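# Inside the fold
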Amino acid sequence: RQAALAEAEAALERSRAALVEKAEAVREEEKAARAAQRAAAQRENAVKAREAALKKELERRLGWTDEERDRQREENEREAAAREEAAAVKAREVATLRKERSVRRQE
């Protein structure tokens, strides 16, 4: 009986250790995902800044009037809002997939 109890405790400890390792792996994956997300956001911001600079230069070269510039700015803002909404939808989808994957791992 003592040996069976010791074996059960050892099995429980191995199971706990495996769960701790899995949890650490998940934390590392999440950390890597957050770092990748930050890098992607930085790249996107750099692209947006470059686009803004190019548009400003184009406007200057075209000699647009204030009305034309305002119309173009409004169109750009609508496009940016659409891109941001698409990014938010994608982020929600990714979060859902991660959560589902985490649940499957735990099972």
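In this report, the structure presented in the accompanying data block is examined. (Residues numbered from 1 in each chain as written. Predicted model: local features only at pLDDT ≥ 70, side-chain atom pairs only at ≥ 80, totals over all residues. Heavy atoms only, no water.)

## Focus on the overall build of the protein chain
Quick note on the threshold: In this text, helices come from DSSP runs of H or I with a minimum length of four residues, and strands from runs of E with a minimum of two, each type numbered from the N-terminal end. For a compact globule the rule gives 2.2 Å times the number of residues to the power 0.38, and the radius of gyration it is set against comes from C-alpha atoms. Exposure is judged per residue with a 1.4 Å probe applied to protein chains only, and the accessible area is read against the type maximum: over 50% gives exposed, under 20% gives buried, and values in between give partly exposed. To measure how exposed things are, a 1.4 Å probe is used in the Shrake-Rupley method; for residues, cover is taken only from the protein chains shown. Under the counting rule used here, the positive set is Lys and Arg, the negative set is Asp and Glu, and His together with the chain ends is not counted. For charged residues, the charge sits on one atom: NZ in Lys, CZ in Arg, CG in Asp, CD in Glu.
When its secondary structure is counted, the protein chain shows 2 helices and 0 strands. Here the C-alpha atoms of the protein chain give a radius of gyration of 26 Å, more than 25% beyond the 13 Å that 2.2 N^0.38 yields for 107 residues. Overall, the protein chain is about 90 × 20 × 10 Å in size when its C-alpha atoms are taken along their principal axes. Per-residue burial for the protein chain yields a buried fraction of 6% across its 107 residues. Looking at the protein chain as shown, the accessible area adds up to about 9,300 Å², and 55% of this sits on carbon and sulfur atoms. In the protein chain, the 27 positive side-chain charges and the 25 negative ones have mean positions that sit 4 Å from each other.

## Side note on the pattern of salt bridges
For the record, the criterion: Within this document, salt bridges are pairs made up of a side-chain nitrogen of Lys or Arg and a carboxyl oxygen of Asp or Glu, the two lying within 4 Å of each other.
Scanning the model with the defined rule gives 12 salt bridges in all. Of the charged contacts, one joins glutamate 44 and lysine 48 as a salt bridge, the two residues approaching to 3.3 Å between their closest N and O atoms. Here lysine 48 and glutamate 44 lie together in helix α1 (residues 2-62), a separation of 4 residues that amounts to about one turn. The exposure class of lysine 48 is partly exposed, given its relative accessible area of 28%. The shortest N-O distance in the salt bridge between glutamate 57 and arginine 61 comes to 2.7 Å. Of the two residues, glutamate 57 and arginine 61 both sit in helix α1, 4 residues apart, roughly one turn of that helix. Classification of glutamate 57 as partly exposed rests on a relative accessible area of 27%. On the basis of relative accessibility, which here comes to 64%, the residue arginine 61 falls in the exposed class.

## Structural notes on a positive patch on the surface
Note the cut-off: The patches reported here contain residues having more than 30% relative accessible area and no salt bridge. Joining distances are 9 Å for like charges and 5 Å for nonpolar side chains (Val, Leu, Ile, Met, Phe, Trp, Tyr).
Residues Lys31, Arg34, Arg38 and Arg98 make up a contiguous surface patch of positive charge. In terms of residues, the positive patch owes the most to one element, α1, which gives 3 residues. Position of arginine 38 relative to the elements: it lies in helix α1.

## Some points on helix α2 (residues 66-106)
Threshold: To estimate the expected span of a helix, subtract one from its residue number and multiply by 1.5 Å. For this analysis, residues touch if any pair of their heavy atoms sits within 4.5 Å.
For α2, spanning 41 residues, the distance from its first C-alpha to its last is 59 Å, which sits close to the expected 60 Å at 1.5 Å a residue. Taken as a whole, α2 has its buried residues at Gln72, Asn76 and Ala80. The inward-facing, buried residues of α2 abut α1.

## So, the environment of arginine 83
With respect to the helices and strands, the residue arginine 83 is situated in helix α2. Assessed through its relative accessible area of 40%, arginine 83 is described here as partly exposed.

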